[in-house]
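# Summary of the model geometry
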Number of protein chains: 2
Amino acid sequence: MPKSVYLAGPEVFLPNAREILDLKIALTREAGLVPVSPGDLEHPKTDSKFELGLAISRIDEHLMNSADAIIANLTPFRGIAADTGTCFELGYVCAQGKPAFAYTNVKADHGERTRSHFNGEWYADAAGLPRGPDHILIEDLGFIDNLMLHGGVVNRGGEVVVGDAPVGAELTDMTAFRRILAIAAAKLG
Amino acid sequence: MPKSVYLAGPEVFLPNAREILDLKIALTREAGLVPVSPGDLEHPKTDSKFELGLAISRIDEHLMNSADAIIANLTPFRGIAADTGTCFELGYVCAQGKPAFAYTNVKADHGERTRSHFNGEWYADAAGLPRGPDHILIEDLGFIDNLMLHGGVVNRGGEVVVGDAPVGAELTDMTAFRRILAIAAAKLG
């Protein structure tokens, strides 16, 4: 029985969302896994934007509940960090004790991206820890994002793939996704 | 038996982290709840930054496992969205079926903040949905952040408090936190 994986990521927001989601679905099938993809269910008719949001949240949680594992696209989205919905979903599936995998299409790690956010302005505090000009700690552990995300994956025996997509293709490049799919397929058996 | 709440948020990164965490801990006790706070356990000695990150991840997951509920501070952090570690933690506790509560110290909702990110440049697509100049969808549902976060809280019977902290006090103001504490204390009994 092939294992199913929830495909978390910000692709649902792209102008060519359907095309990219369908590509990820096809690649997942090719890897011998069953794709569980947000955006695959019809959204119910609701009376307000608020109710629509709540309904989509319930649908996506239902999809996660049905999946055996997760592959989270943690590529930075509108800033230096991963899409917050994807982060919620990674935590959700981790709490269920299911195998978790993650990837990013941006090579610079969380510490590097945060220093870039401050245009390279940072300093080492008395304890030797890096801080931005706002004195807020720069988490600099070599992780692709906050330690709860990278740590949650690795501590469950999952893996993190770091890609290096061409500029402009950070949200659509499939190189790192193909690599994590191969790893997940091997691990999930 | 008073209920315990995991206090998720980016306060651990602040220059006065201990002071602010201790304040949140004290306010939680005053509200009749038992605080479970990241940063409360000694970090183990490890051989590398990577191992340290994994150890902190395990400790924080352990703390979440021990808590009865969560209060997540979703105030935007270094950009237009919530701290990604906090988002992971909210998803984690939601998956455990525990009551979830959230607050933000910034009044502008997710749609407003995203339009500000693009300096107000956006357009309505053929379906009437707002998109940025990069053609990426602007989720505009009146939520404080991505629908999975706000929806996950509301769909579990939790509440979301929207504060309006003075500029510069977004990460330290306790007004919204006090309000959500009162709500959580009443709901958790």
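Residues numbered from 1 in each chain as written. Chains lettered and ligands numbered in written order. Predicted model: local features only at pLDDT ≥ 70, side-chain atom pairs only at ≥ 80, totals over all residues.

### Looking at the sheet that holds strand β7 (residues 160–162) of chain B
Strand pairing in a sheet takes place through backbone hydrogen bonds and is either antiparallel or parallel in direction. All names here are of chain B. Inclusion rule: Two strands pair under a simple rule: DSSP has to find at least two bridges between them. Every helix listed is a DSSP run of H or I at least four residues long, and every strand listed is a run of E at least two residues long, numbered separately from the N terminus. To obtain each axis, a line is fitted to C-alpha atoms, and for helices this fit is confined to the stretch in contact; angles are then taken between N-to-C directions over 0 to 180 degrees. Whether two residues are in contact depends on their C-beta atoms, placed from the backbone: they are in contact if these lie within 7 Å.
Reading across the sheet, the five strands line up as β2-β1-β3-β4-β7 and stay open at both edges, with parallel pairing between neighbours. With one partner strand each, in any of the chains shown, β2 (34–36) and β7 form the two edges of the open sheet. Strand-to-strand twist of the sheet, defined as the mean angle between neighbouring strand axes without regard to direction, takes the value 20°. Seen against the sheet, helix α5 (residues 147–154) touches β4 (100–104) and β7 and runs at an angle of roughly 130° to β4.

### Looking at helix α1 (residues 17–30) of chain A
Residues and elements named next belong to chain A. What counts is decided by this rule: A helix's residues, less one, multiplied by 1.5 Å, set its expected span. As a rule, residues whose C-beta atom has 12 or fewer other C-beta atoms within 10 Å are exposed, those with 20 or more are buried, and those in between are partly exposed; C-beta atoms are placed from the backbone. Summarising the geometry, the arc corresponds to the directions from the helix axis toward the C-beta atoms.
When the terminal C-alpha atoms of α1 are compared, their 20 Å separation across 14 residues agrees well with the 20 Å that a helix rising 1.5 Å per residue should span. Inspection of α1 places L21, K24 and T28 among the buried residues, and these make up the whole buried set. Around the axis of α1, the buried residues are gathered within 60° of arc, so they sit on the same side. The exposed set on the far side of α1, more than 90 degrees from its buried face, consists of R18, E19, A26, R29 and E30. In this structure, the buried side of α1 is in contact with β1 (4–8), β2 (34–36) and α6 (175–188).

### A few points about the relation of the copies chain A and chain B
This is how the line gets drawn: For this overlay, a least-squares fit was computed on C-alpha atoms, restricted to residues scoring pLDDT of at least 70 in both copies.
Laying chain A over chain B is done by rotating through 180° and shifting 0.0 Å along the axis; what remains is an RMSD of 0.0 Å. Here the copies are linked by what is in effect a two-fold axis. Interface overlap between copies: 100% of the residues of chain A at the interface are likewise at the interface in chain B, consistent with a symmetric, same-surface contact.

### Digging into the domain arrangement of chain A
All names here are of chain A. Here is the rule: Just so you know, the domain bounds were taken from an automatic or database domain assignment. Here the term charged refers only to Asp, Glu, Lys and Arg, the term nonpolar to Ala, Val, Leu, Ile, Met, Phe, Trp, Tyr, Cys and Pro, and the term polar to all other amino acids, Gly among them.
Structurally, chain A comprises domain 1 (4–109 + 145–188) and domain 2 (110–143). Taking the mean C-alpha position of each, domain 1 and domain 2 sit 27 Å from one another. Every contact between the two is made by eight residues of domain 1 and, on the other side, 11 residues of domain 2. Residue composition of the side of domain 1 that touches domain 2, grouped by class: four nonpolar, two polar and two charged.

### A few points about the nonpolar core
Here is the rule: For the purposes of this analysis, a nonpolar core is taken to be any set of buried Ala, Val, Leu, Ile, Met, Phe, Trp, Tyr and Cys residues that are connected through C-beta atoms within 7 Å.
Ranked by internal contacts, the top residues of the largest apolar core, which has 88 residues, are I70 and L90 of chain A together with I70 and L90 of chain B. Beyond its immediate stretch of four places on either side in the chain, L90 of chain A contacts A8, I70, A72, A100, A102, L149 and G152 of chain A together with F88 and G91 of chain B.

### Thoughts on the interface of chain A and chain B
In this complex, chain A contributes 47 residues to the contact, which on the side of chain B involves 47 residues. Every element with two or more residues in the side of chain A that touches chain B is listed here: α2 (49–66), α3 (84–95), α4 (110–117) and α5 (147–154) of chain A. With 10 residues, α3 of chain A is the largest single contributor of residues to the side of chain A that touches chain B. Classifying every residue of the side of chain A that touches chain B gives 24 nonpolar, 16 polar and seven charged.

### Structural notes on unusual backbone geometry
The phi torsion at H135 of chain A lies on the positive side, around 70°, for a residue other than glycine. Inspection of the secondary structure puts H135 of chain A in the loop between β6 (130–131) and α5.

### So, the environment of L52 of chain B
Along the chain, L52 of chain B turns up in helix α2 (residues 49–66). With residues near it in sequence (within four places) discarded, L52 of chain B still touches L141 of chain A together with H43 and T46 of chain B.

### Quick look at the packing of α2 of chain A against α5 of chain B
The following threshold applies: Note that the term roughly parallel is reserved for angles under 35 degrees, roughly antiparallel for angles over 145, roughly perpendicular for angles of 65 to 115, and oblique for everything else.
At their nearest, the axes of α2 of chain A and α5 of chain B sit 8 Å apart, and the two run at 90° to each other. By the criterion of interaxial angle, the relationship of α2 of chain A to α5 of chain B is roughly perpendicular. In contact with G53, L54, I56, S57 and D60 of chain A of α2 of chain A, α5 of chain B contributes L147, M148, H150, G151, G152 and V154 of chain B.

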